Structures are given as structure tokens and as C-alpha cells.
Amino acid sequence: GQQVMQIPQYQHVQEGEDFTTYCNSSTTLSNIQWYKQRPGGHPVFLIQLVKSGEVKKQKRLTFQFGEAKKNSSLHITATQTTDVGTYFCAGPSNYGQNFVFGPGTRLSVLP
Amino acid sequence: KAGVTQTPRYLIKTRGQQVTLSCSPISGHRSVSWYQQTPGQGLQFLFEYFSETQRNKGNFPGRFSGRQFSNSRSEMNVSTLELGDSALYLCASSTGQLGTEAFFGQGTRLTVV
């Protein structure tokens, strides 16, 4: 069945270092979404990418959608403690359900 | 506008009991999806309701069921609770169009003892 994978599962960085998480789908996606879940919180929508090769920026966050629309990445420049949380990618399912979520990458930022 | 409201926030139940969780979506949203989140399994899709009909279903046993009312509020029921059902249950509200963003509620933390 359709799978969405993310690597790494965990990432510990020193404050100020960069961070990247990668998302890979077993099938082509019409679009991909990214969510952030703070510890103890709920997932919050960050962004949606639609076009092949699309790159979008939100301050220190850069999101990229692969040319084949099967992978995506989220890069954070100069991490801050406020970046702590789990980052999920999600794409529309080919089998009817609305979203297929990746397992998430948990980011820890050491001050 | 008001966000997604889930009640109750916390719940402790005994094995074998049943539980009902509630989710009120954002006004105007007709789709409500339910997810189970556990530390080891991430976000697992339970089912989605759209305009009072179950549109999609994940791979959970029949003990997990749900329904949606005409005002789009949704309930999820778990019967014959097992220890492994302990999890954060999240509902997500959306317009229901494929690919639109999901707005999550705060979740209900269910503990089965």
C-alpha cells in the first residue's frame, strides 16, 4: 500500500545549527503538506507544496517538493529552541482517505 | 473563527469499558477525520466522515466506530477497551476537498488501566 516515510526519526542539534528532515512517498503525490507538533500539543499546519520542484520559505524554514513529486524536504537554518517538536509530512491518499502522514521527525534543540 | 474542539481532554477508563469521544469541527467544515497517536506508531488514521457518511476507514478493528451528525460534529466510540488503546486521539477538520489542509483539535488523552 501507499507509504510515506521520513528520515531521520530523531535529530538532536545544538542551537544555531541547521536541521533537515526528508520525506519520501511510495507514490506520486498531487501535493504535500508539512505539520509541526510541539511537545504536548497537536499538529499544526505549516505549508502545502503543489508544483514539481517547488521551493517555499517561511523565515528560517525552507520547504522543497521534488521534481518527481515523490519526495520533499524541510530545512531549518540556525535552529532555535522554539523549533523543538515533531515535524510531519502528509500527502493525499491514493485510496480515499484524506491524508497519509509520515511517522515524523522529532527535533531536539540543545541551548 | 473558533477552532476544532475535542472533549473530554483527558479520560481514564478500565479494560472492558467503552468510551465516546467528541469532536466539533470548524464552522463550515464538513469533513472530520480521526487519528490515533501513540509514541511508537505515529499518527494512525482511523476513519473520516463527510456529510454524515463514513467516507474512508483505516485498519482498525470493529471496536472502533464513529458517526457524524447533521451539524458536522463527530463522535468516536471504542468498545471493550484494551490496554493498547491508550493513546492520544486527534480529530482533524477540513473542507473535505482532497488535499486541503487539516486543522487538528487538542486531542483526547485516553488512558486504559
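Since the model is a prediction, treat every value here as computed from it, not as a measurement. (Residues numbered from 1 in each chain as written. Chains lettered and ligands numbered in written order. Predicted model: local features only at pLDDT ≥ 70, side-chain atom pairs only at ≥ 80, totals over all residues. Heavy atoms only, no water.)

### Details of the state of the cysteines
Residues and elements named next belong to chain A.
Move 1: All told, the structure shown has 2 disulfides over all chains when counted by the stated rule.
Move 2: Across a sulfur-sulfur distance of 2.0 Å, Cys23 and Cys89 are joined as a disulfide pair. Here the S-S torsion is close to 80°, and the disulfide linking Cys23 with Cys89 is therefore right-handed. In this pair, Cys23 is assigned in strand E3 (residues 19-25) and Cys89 in strand E9 (residues 85-92), connecting sequence segments 66 residues apart.
Move 3: Judged by relative accessible area, which is 1%, Cys23 ranks as buried.
Move 4: Since its relative accessible area comes to 0%, Cys89 is described here as buried. (Disulfide = S-S within 2.5 Å. Helix = DSSP H or I, 4+ residues; strand = E, 2+ residues; numbered from the N terminus. Buried < 20%, exposed > 50% of the residue type's maximum accessible area, 1.4 Å probe, protein only.)

### Regarding the interface of chain A and chain B
Move 1: The partner chain B presents 20 residues to the 17 residues of chain A that form the contact.
Move 2: Overall, the association of chain A and chain B removes approximately 1600 Å² of surface from exposure, summing both partners, and the carbon and sulfur fraction of that is 53%.
Move 3: In this assembly, chain A and chain B are joined by 0 salt bridges.
Move 4: Between the two partners, chain A and chain B, sit 4 residue pairs in polar contact (both at pLDDT 80 or more).
Move 5: Those elements giving two or more residues to the side of chain A that touches chain B turn out to be strand E4 (32-37), strand E5 (44-49), E9 and strand E10 (99-101) of chain A. (Contact = heavy atoms within 4.5 Å. Buried area = accessible area lost by both parts, 1.4 Å probe. Salt bridge = Lys/Arg side-chain N within 4 Å of Asp/Glu carboxyl O. Polar contact = N/O pair within 3.5 Å; in protein donor to acceptor, adjacent residues only side chain to side chain.)

### Quick notes on the pattern of salt bridges
A side chain of one charge can pair with a side chain of the opposite charge when the charged atoms of the two come close.
Move 1: With the rule as written, the count across this model stands at 7 salt bridges over all chains.
Move 2: It is possible to trace a salt-bridge network through shared partners that takes in Arg63, Glu82 and Asp85 of chain B.

### Some words on the pairing of strand E8 (residues 74-78) of chain B
Residues and elements named next belong to chain B.
Move 1: Most of E8 sits inside the fold, with 5 of its 5 residues counted as buried.
Move 2: Neither face of E8 is exposed, since Ser74, Met76 and Val78 on one face and Glu75 and Asn77 on the opposite face are all buried.
Move 3: As paired elements, strand E7 (residues 64-68) and E8 share 5 bridges and run antiparallel to each other. Paired with Arg67 across the two strands is Glu75, which belongs to E8. (Pairing = 2+ DSSP bridges.)

### Quick notes on the packing of aromatic side chains
Residues and elements named next belong to chain A.
Move 1: Tallied over the full model, the rule gives 13 aromatic pairs over all chains.
Move 2: Between the aromatic rings of Trp34 and Phe63, the centroid separation amounts to 6.5 Å while the plane-to-plane angle is 50°, which identifies the pairing as tilted. Here Trp34, found in strand E4, pairs with Phe63, found in strand E7 (residues 61-65); they are 29 residues apart in sequence, far enough to count as distant. The same class applies to Trp34 and to Phe63, which are both buried. (Phe/Tyr/Trp six-rings, centres within 6.5 Å; stacked < 30°, edge-to-face > 60°.)

### Describing the pairing of strand E6 (residues 55-58) of chain A
Residues and elements named next belong to chain A.
Move 1: Strand direction decides the pairing type here: E6 and E7, joined by 4 bridges, are antiparallel. Bridging across to E7, Val55 finds its partner in Gln64.
Move 2: Where E6 hands over to E7, the hairpin turn is made up of 2 residues, of which Lys59 adopts a positive phi near 55°.

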